[in-house]
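Residue-level listing of the chains:
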Amino acid sequence: KSSKREWKPLEDHSCTDVPWLLLFILFCIGMGFICGFSIATGAAARLLSGYDSYGNICGQKNVKVEGIVNSGLDLTHKKYVFFLDPCNIDLVHQKIKSIALCVSACPRTELKTLADVQKFAETNGSTLCSYELQPSEYTTDPRAAKLCPKYPVPESAPIPFFHRCAPVNISCYAKFAEALITFVSDSSVLHRLISGVMTSKEIIMGLCLLSLVLSMILMVIIRYISRVLVWILTILVILGSLGGTGVLWWLYAKQRLSASALETQIAKDNLQALLIYAIAATVFTVILLLIMLIMRKRVALTIALFHVAGKVFIHLPLLVFQPFWTFFVLILFWTYWIAVLLFLGTTGSPVPNEEGFVEFQMAGPLKYMWWYHVVGLIWISEFILACQQMTVAGAVVTYYFTREKRNLPFTPILASVNRLVCYHLGTVAKGSFIITIVKIPRMILMYIHTQLKGKENACARCMLKACICCLWCLEKCLTYLNQNAYTATAINSTNFCTSAKDAFVILVENALRVAAINTVGDFMLFLGKVLIVCSTGLAGIMLLNYQRDYTIWVLPLIIVCLFAFLVAHCFLSIYEMVVDVLFLCFAIDTKYNDGSPGREFYMDKVLMEFVENSRKSMKEAGRGGGAEGRELKPM
């Protein structure tokens, strides 16, 4: 047990948090049961093949539903679902408010009258009116106004794999589009926007590739420009705070000189307000300058860590592609989750509704399965992200605590994945579950706040927002602590709680350094994201400006900028993760090693120079030289 507390890196590997791994496996089995249940009850067939308003599944023989006319029909040759009024969309319940029928073919041309509908049925053998009407009765039977489609019947085409006839002209869904895109009030604007995207799709793809290349280049060169960025940021902050304070005092002096001629109450109030603002700005500037003076050496550590992080990516190039694998796995899981959710929407027993048609509903406890499914979405998504964090932590820990870099494993990333799968999946499951139990209440409160918008009083609204904000802050703090706990687990193979406690102690002992890294470092990475988005956006403006074939290219430019920010965020978040792992390794290294024989440092030469400079500053400051001397005393 004592050897665990001495932080002996990579000397012992053991399974951690096995009960939590078993619990996670049982939960995943439950998710599989929901999928199997929905498929076994016919939901998959109803989703893929489609069903009509009477409970018949298209393309097969059906069983009679008690009390429902037109049910139990043989629809083997009618494989497509056709809606009599496909444009009548219920935005509240997210469904089409129309009678659905099974037909043998979708109308490929617009049908303007019932005579056209009758001719289409006689020519193609596809009856678009309700089953009780024969094609010969379409123009003579008075029931045709209700049982036949609303005309003109728009041109339709079957949706691939889902056998639904959907209108080809998207203006049919203008109301739905306006609800989603509030600034589109005219369908012609929507057409022009979409045509702009389709016409410039090659440019969009090229600009997205450009943002990808710029992100990879920035990750390589950021270690060379980090020092310049930090000092530019420092100078701008100092000049901004001093300049703002000087302007406020200048305005106060100017107002005071002219206040003798203005004896109004408004002039006095403005003068007093300026005095308060000037004093507050002065206090803020003095505090800011003191903080920057105290943390100036921690800023040097941030620069050194960024420099070493650049070397990590040179030795471990597969780290660059880590976001792609994570995103790919997330897409696969989300696709599966959405498919099962759609299955759940069509599962259950047929029940007649108020209009005499059939709806499929689950009875008893089974109708709450979707809650379990939602929890699974959050927990498994967090589990996948935590696996990425543990993989990155394991690879960086291997790099840092390997003295001879030429002795690194052939692929440290794969070695880290192997350790994760063999030993630490339980730790990842526990850490992701903790995030899940914080995220779910926040999502519930956000849902309540959305549902009660405009109905609750100001006090209740304020309390809801305060609770949501507190849970968000707690989630961010736990996410940061979890990441450091995974690093501690990768170093010492301890369970989650022990690793979190040990990492927390290290972070508290280096609180000022943590603050410097999380402020200066995060701002540097934010500037990197802004640089990539601005560069991609500028290139997009120059390219799109020379294209005269389309009228509106605002939407393509927005798509490109959003994609550029997403790509930059994915790449630089990995960079931030590497810096955090390096810092914890550095803090442990300086705490338990001093460079003497038998206790040599593991750190890189750049970090060694930082340590030597810190020691020189300690000697110059003398004994008992304040907070810096106390912090570096273990070295």
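Residues numbered from 1 in each chain as written. Predicted model: local features only at pLDDT ≥ 70, side-chain atom pairs only at ≥ 80, totals over all residues. Heavy atoms only, no water.

Going by the annotation in an unreviewed UniProt entry, the name recorded for the chain is Choline transporter-like protein, with Gymnorhina tibicen given as the source organism. Taken from UniProt, the Function (unreviewed entry) comment for the chain reads in full: "Choline transporter." The Sequence similarities (unreviewed entry) comment attached to the chain in UniProt states, word for word, "Belongs to the CTL (choline transporter-like) family." (UniProt positions renumbered as here; feature names shortened; annotations may be inferred.)

Caption draft 1: Here's a closer look at the overall build of the chain. Helix and strand counts for the chain come out as 19 helices and 8 strands. The buried share among the 635 residues of the chain stands at 43%. Here the analysis covers contacts within the chain between residues at least 6 apart in sequence; of these, 70% occur between residues at least 24 apart. When the accessible surface of the chain is summed, it comes to about 33,900 Å², and 68% of that surface belongs to carbon and sulfur atoms. (Helix = DSSP H or I, 4+ residues; strand = E, 2+ residues; numbered from the N terminus. Buried < 20%, exposed > 50% of the residue type's maximum accessible area, 1.4 Å probe, protein only. Contact = heavy atoms within 4.5 Å. Areas by Shrake-Rupley, 256 points an atom, 1.4 Å probe, with all protein chains shown as cover.)

Caption draft 2: Up close: the pattern of salt bridges. With the rule as written, the count across this model stands at 5 salt bridges. The partner of Glu475 in a salt bridge is Lys439, with the nearest N and O atoms 3.4 Å apart. Here Lys439 lies in helix α13 (residues 412–451) and Glu475 lies in helix α14 (residues 458–492), a separation of 36 residues in the sequence. Like Glu475, the residue Lys439 is buried in the burial classification. Measuring nitrogen to oxygen at the nearest pair gives 2.9 Å for the salt bridge that ties Lys591 to Glu509. (Salt bridge = Lys/Arg side-chain N within 4 Å of Asp/Glu carboxyl O.)

Caption draft 3: Broad picture of the packing of helix α12 (residues 369–400) against α13. Taken N-terminus to C-terminus, the directions of α12 and α13 make an angle of 140°; their axes are 5 Å apart at the nearest point. Comparing the axis directions of α12 and α13 gives the class oblique. Pair α12 / α13 crosses with right-handed handedness. (Axes fitted to C-alpha atoms, helices over the stretch in contact; angles between N-to-C directions. Parallel < 35°, antiparallel > 145°, perpendicular 65-115°, else oblique. Left-handed = near helix turned anticlockwise from the far one by under 90°.)

Caption draft 4: Quick look at the state of the cysteines. The tally for this structure, following the rule as stated, stands at 3 disulfides. A sulfur-sulfur separation of 1.9 Å characterises the disulfide bridge that pairs Cys58 with Cys102. Sign of the S-S torsion, about -80° for the bond between Cys58 and Cys102, identifies this disulfide as left-handed. Here Cys58, found in the loop between α3 (43–49) and β1 (80–83), pairs with Cys102, found in strand β4 (residues 100–103); they are 44 residues apart in sequence, far enough to count as distant. Per residue, the accessibility class of Cys58 equals that of Cys102, and both read buried. Among the cysteines around Cys473, which has no disulfide bond, Cys469 carries the closest sulfur, lying 4.3 Å off. (Disulfide = S-S within 2.5 Å.)

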